[in-house]
Amino acid sequence: MKPQYHPTEIEQQVQQDWASARAFNVKEDNSKPKYYCLSMFPYPSGKLHMGHVRNYTIGDVLSRFHRMLGYNVLQPMGWDAFGLPAENAAMKNKVAPAKWTDDNIAYMKQQLQSLGFAIDWERELATCRADYYKWTQWLFLRMLEKGLVYLKTGTVNWDPVDQTVLANEQVIDGRGWRTGAPVEKREIPMYYMNITSYAEELLQALNTLPGWPERVKTMQANWIGKSEGCEIYFPYHAEHKAGEPVLKVFTTRADTLYGATYVAVAPEHPLALKAATTNSKLTLFIEQCKRGRMTEADLATQEKVGMDTGLVVYHPLTNKPLAVWTANYVLTGYGEGAVMAVPAHDERDFEFAIKYGLPIKAVIKPKDGELELPLKSAFVDSGICFDSEDFNGRTTEEAKHKMGVVLKAVQLGESRTTYRLRDWGISRQRYWGCPVPIIHCEACGAVPVPDDQLPVRLPENLVPDGSGNPLLKTPSFLNCECPICNKPARRETDTMDTFVDSSWYYLRFACAGNDQAMVDERVNYWLPVDQYIGGIEHAILHLLYSRFCTKVMRDFGLVKIDEPFAKLLTQGMVLNDIFSRKGEGEGIEYFDPLEVDVEQDAQGRVTGGALKADGKPVDYGGMGTMSKSKMNGVDPQAIINEYGADTARLFMMFTSPPEQTLEWSDAGVEGSYRFLRRVWIFIKNRDLWILEESKWRNGSVEGYEFPATLAAIHPAVSIMRREIHAALRQASFDMERHQFNTVASAVMKMLNAMQVASSDTFDRQVDNAVHKLLQQGLHEGISILLRVLYPIAPHICHTIWRDLGYAGDIMNAQWPSIDEAALVQDEIDLVVQVNGKLRGSMAVAKDATHETIETLARSHPNIEKFVAGQPIKKIIVVPGRLVNVVV
């Protein structure tokens, strides 16, 4: 070993060794248990950020650990490479998205490799490559055949600048999340995936996922949003006849039907649009609503506004007319886009009714007591029905059930289960995405592309200019021949939502290289993914869509599994200090923490700072998620270049448990580097204690036999082994539960124990027998330390293991086993008390008798001091814990 620790030098060599040996390329092996570890694949934005480093280090630690446990480990990597950011970058840089994406992939791949991740690069995929999206198109066509994909006209959020549809979550205060442009509502034809047909199974199957965080399962359950309620029909005419049109609403509070005083419909509802044809004020109001309301979260906080449409419907049981209002708090996507308004028993309806002076009728009272009328707020609890004709006196639950029966009898409603979940609109009016494999023919309509014509290739040389989808202006793509009638036709220019690409990629990794099928029998060996790792921000959509597609493929006979991910780990965000200064106007200018002279208080807490460039103060905004916009990101490559990949990995694992946020600290990075250097230097000086080199090199790393009288021969060696094996036991336990920070702490304890023992031994004259025991103990201890540290810091451990001459490669070594005998203590410490008060402690043999303990207690200096010559009444001994002298 070289005397100094040079991480960059050794890491490059180790990575070359791994690449030459194809060390992490795996095949199916039924003689071993399999372990499929997968981290959510990155978008090729150009550079890794520290969130990437943390995410992939967690996966790599688990992969290497399970390989040491004897598993056949698969850890692949790919690129979520389609999407709007590439188009925006292409417009900015005047380059094709394909080139921008490929260049970014090449650079980010080099960064991942420089971190030493144990990735099977021979399985690499990118969703923008035709050999991948061919099968996305193939699956789309199979779902189309089965009715799981369909075309319909729907109301969408349209960004007029990006010229594309936005999800509700991408609309903030009525503006596009990326462009800031006012979002418009448009009616356009869209392709949808029928995820709602799997809603109940997706909900119930959450109970089969014990390896998922409860928080994530709750988020998914809430997103699916199962509701048991009643569909109620409000006739348009007082003399309603069966079969005539009705206004349908869904409610979970059918017990309050007699308290309905009006109905409210969404601004896009056909009733509102019909009324607007003769009411210009209503038309203007509807247009304003379209620009200002997008999500349920928005509706919960924004002012409730509405307008009377002038139309009426009729109560299904009393036949009384109810005014139809259009209101901004009613969502098109909820039920039929209409609600029965019961102001007395719904907070939003109450607020709306108070504002516009609408009737409020109470029909539910508390089970004990009466309502105080007039109401000062809505009474939303369960209770007893009153002023509800035949339902008077019934409990809320009884009335809900009975109401469905009564309404069904008069053909004006029925009990029904609904879901908040809506079918997945996958059409995107943009270029850089997987082409929808449909051909439009004037004679034959929308025609699926035949399988033998897949993939429908996306032109890779187009440069978007911001004037819409360039595919519409590319005749070589647009113009084609109808597969049915052979007449001129045109291709569909919509591309698919990128969530479609990422909803099945984990299956393709298992079947890499197969150009004849989407998946093959290998998927049944590797799937499900044993450990999936990614951010909590993907807890709903990506994971839900992946679960849906897995179930669809199961029903198509392509896979045998029900769920794609057995265990899920959602890592916390990486935080760093935020420094800013008010700029011109209302703007804020952010600064890199490295550009700031930081000010701290007496406790070391950051309080502010001054910009190094001009010496003027800057504002401190606390710790926040690393981001480009806040200028508080840290370049992983700079850390790797200065301190090495192992330091970056160790810092990420040591600083915080993986599920918690991690606060960046330059001092913490320095500390991680210093520890690795300590390991290197301590082992470099091994000539102090290796007397029999031949027994060290190529020797076993297990199986040393230590004498039963080890403590008597030399207690330093016994104590060292006990501390090492105690740390190993803790590390083994913590590795299984993903507490990598305490695994790193255990390694530090091991090193400290060995340094103390070797120093203690050489500071005094000892005979050869003690030297031999120390050799064995250090040999064993170093081999344990290296194997426990290896998953976290593999390069330094690989190098030391090889240089010390241990047999084989450390990545093929077994995880160390615990020697329970080493954990047995020859002596134990007992608490010493006088009349129940703590007065010190004393060491006794672990098998000391009560009589021996009593004798030692009587002569203990502190006992004599506090007894002060008083007669001892009795001595109480609690084995293994304490001795209490009573006077």
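Residues numbered from 1 in each chain as written. Predicted model: local features only at pLDDT ≥ 70, side-chain atom pairs only at ≥ 80, totals over all residues. Heavy atoms only, no water.

### Details of the overall build of the chain
Part 1: A tally of helices and strands in the chain yields 28 helices and 37 strands.
Part 2: Its C-alpha atoms put the chain at 110 × 80 × 65 Å along the principal axes.
Part 3: Considering the chain as a whole, with its 887 residues, one finds that 54% of them fall into the buried category.
Part 4: Summarising the internal contacts of the chain: among those between residues at least 6 apart in sequence, 71% fall at separations of at least 24.
Part 5: Side-chain charges of the chain comprise 95 positive and 110 negative groups, with the mean position of each set lying 1 Å from the other. (Helix = DSSP H or I, 4+ residues; strand = E, 2+ residues; numbered from the N terminus. Buried < 20%, exposed > 50% of the residue type's maximum accessible area, 1.4 Å probe, protein only. Contact = heavy atoms within 4.5 Å. Lys, Arg positive; Asp, Glu negative; His and termini not counted. Charge placed at Lys NZ, Arg CZ, Asp CG, Glu CD.)

### Looking at helix H19 (residues 645–654)
Part 1: The buried count for H19 comes to nine of 10 residues, which makes it a mostly enclosed element.
Part 2: Regarding H19, the residues found buried are Ala645, Asp646, Thr647, Ala648, Arg649, Leu650, Phe651, Met652 and Met653.

### Observations concerning the side chain of Asp120
Part 1: With respect to the helices and strands, Asp120 occurs in the loop between helix H4 (97–114) and strand S4 (125–126).
Part 2: Within the local environment of Asp120, its side chain forms a polar contact with the side chain of Arg123, the two groups lying 2.8 Å apart.
Part 3: Residues within four places of Asp120 in sequence aside, it is in contact with Phe24, Asn25, Val26, Leu74, Gln75 and Pro76. (Polar contact = N/O pair within 3.5 Å; in protein donor to acceptor, adjacent residues only side chain to side chain.)

### What to know about the packing of aromatic side chains
Part 1: Tallying each qualifying case throughout the model produces 34 aromatic pairs.
Part 2: For the pair Phe499 and Tyr545, a centre-to-centre distance of 5.6 Å together with 70 degrees between the ring planes defines the contact as edge-to-face. Taken together, the residues Phe499 in helix H14 (residues 498–502) and Tyr545 in helix H17 (residues 541–555) connect sequence positions 46 residues apart.
Part 3: Residue classification places Phe499 among the partly exposed residues on the basis of a relative accessible area of 25%. (Phe/Tyr/Trp six-rings, centres within 6.5 Å; stacked < 30°, edge-to-face > 60°.)

### Some thoughts on the sheet that holds strand S23 (residues 479–481)
Part 1: Sheet architecture is open: four strands sit in the order S22-S21-S24-S23, paired in antiparallel fashion. Of all strands in the sheet, those bounded by a partner on one side alone are strand S22 (445–448) and S23. Neighbour to neighbour, the strand axes of the sheet diverge by 45 degrees on average, direction disregarded.
Part 2: Relative to S22, strand S21 (residues 438–441) is paired through four bridges, and the arrangement is antiparallel. Across the sheet, the residue bridging to His440 is Ala446, located in S22. (Pairing = 2+ DSSP bridges. Axes fitted to C-alpha atoms, helices over the stretch in contact; angles between N-to-C directions.)

### What about the pairing of strand S10 (residues 226–235)?
Part 1: Judged by how many residues are buried, S10 sits mostly within the fold: eight of 10 residues are covered.
Part 2: In terms of strand pairing, S10 meets strand S18 (residues 413–419) through seven bridges, oriented antiparallel. Bridge pairing in S18 places Gly229 opposite Arg416.
Part 3: Here S10 runs beside strand S11 (residues 246–251); their pairing, made up of six bridges, is antiparallel. Its bridge partner being in S11, Cys230 is matched across the sheet by Thr251.

### Description of the side chain of Arg508
Part 1: By the element assignment, Arg508 lies in helix H15 (residues 505–510).
Part 2: Salt bridges are absent for the buried Arg508, whose nearest opposite-charge side chain, Asp131, sits at 6.0 Å.
Part 3: For Arg508, the residues in contact, after removing those within four places along its chain, are Leu125, Asp131, Tyr132, Trp135, Asn514, Asp515, Ala517 and Met518. (Salt bridge = Lys/Arg side-chain N within 4 Å of Asp/Glu carboxyl O.)

### Things to note about the sheet that holds strand S5 (residues 149–159)
Part 1: Across the sheet, four strands lie side by side as S6-S5-S9-S19; this open sheet has antiparallel pairing. Two strands bound the open sheet, and with one partner strand each, they are strand S6 (164–166) and strand S19 (424–425).
Part 2: Summarising the sheet, S5 and S6 pair through three bridges and their orientation is antiparallel. If you follow Trp158 over to S6, its bridge partner there is Val165.

### Section: the environment of Thr101
Part 1: Considering the arrangement of structural elements, one finds Thr101 in helix H4.
Part 2: Under the relative-accessibility criterion, Thr101 is labelled buried at 0%.
Part 3: Distance in space between the C-alpha atoms of Thr101 and Cys128 is 8.8 Å, their sequence separation being 27 residues.
Part 4: Once residues within four sequence positions are removed from consideration, Thr101 is found in contact with Pro44, Ala81, Ala86, Cys128 and Trp432.

### What about the packing of helix H1 (residues 7–21) against helix H26 (residues 794–804)?
Part 1: Two elements in contact, H1 and H26, have axes separated by 9 Å at closest approach and are oriented at 80 degrees. With respect to H26, the axis of H1 lies roughly perpendicular. Residues Ile10, Glu11, Val14, Gln15, Asp17 and Trp18 of H1 pack against Pro794, His795, Ile796, His798, Thr799 and Arg802 of H26.
Part 2: For the contact of H1 with H26, a count of residues per class yields five nonpolar, four polar and three charged. (Parallel < 35°, antiparallel > 145°, perpendicular 65-115°, else oblique. Nonpolar A, V, L, I, M, F, W, Y, C, P; charged D, E, K, R; others polar.)

### Quick word on the confidence of the model for the chain
Part 1: Of the residues in the chain, 93% have a pLDDT of 70 or more, and the chain-wide mean is 90.
Part 2: Per-residue pLDDT stays below 50 along residues 688–699; that stretch engages in 26 contacts with residues further than four places along the chain or on separate chains. (pLDDT = per-residue confidence, 0-100.)

### Quick notes on the state of the cysteines
Part 1: Using the criterion set out here, one finds zero disulfides in the structure.
Part 2: You can see Cys128 has no disulfide; the closest cysteine sulfur is in Cys434, sitting 11 Å from it.
Part 3: Cysteine Cys480 remains unbridged, with the sulfur of Cys482 as its closest cysteine sulfur at 8.1 Å. (Disulfide = S-S within 2.5 Å.)

### Topic: unusual backbone geometry
Part 1: Between Leu373 and Pro374 the backbone carries a cis peptide bond, its omega angle lying at 0 degrees.
Part 2: Along the chain, Pro374 falls in the loop between strand S16 (364–365) and strand S17 (384–385).
Part 3: Of note in this structure, Lys94 is not a glycine but carries a positive phi near 55 degrees.
Part 4: Within the secondary structure, Lys94 is located in the loop between helix H3 (84–93) and H4.
Part 5: Residue Lys94 is classed as exposed on the basis of its relative accessible area of 70%.
Part 6: Positive phi values are uncommon outside glycine, yet Met631 reaches one of about 60 degrees.
Part 7: Mapping Met631 onto the fold places it in the loop between strand S32 (617–625) and helix H18 (636–643).

### Comments concerning the environment of His725
Part 1: Examined against the element boundaries, His725 turns out to sit in helix H23 (residues 715–736).
Part 2: Measuring from C-alpha to C-alpha, the distance between His725 and Val886 comes to 39 Å, with 161 residues separating the pair along the chain.
Part 3: If near-sequence neighbours (up to four positions away) are discounted, His725 is found in contact with Glu780, Ile784, Ser817, Ile818, Asp819, Ala822 and Leu823.
Part 4: A distance of 3.1 Å separates the side chain of His725 from the backbone nitrogen of Asp819, its partner in a polar contact.

### So, helix H5 (residues 130–145)
Part 1: Taking 1.5 Å of rise per residue, the 16 residues of H5 would be expected to cover 22 Å, and the 22 Å separating its terminal C-alpha atoms lies within 8% of that figure.
Part 2: Taking burial as the measure, the 16 residues of H5 include 12 buried ones, the bulk of the element.
Part 3: The complete set of buried residues in H5 reads Ala130, Tyr132, Tyr133, Trp135, Thr136, Gln137, Trp138, Leu139, Phe140, Leu141, Arg142 and Met143.
Part 4: Just downstream of H5, Gly147 is the residue with a positive phi angle, here 80 degrees. (Expected span 1.5 Å × (residues − 1).)

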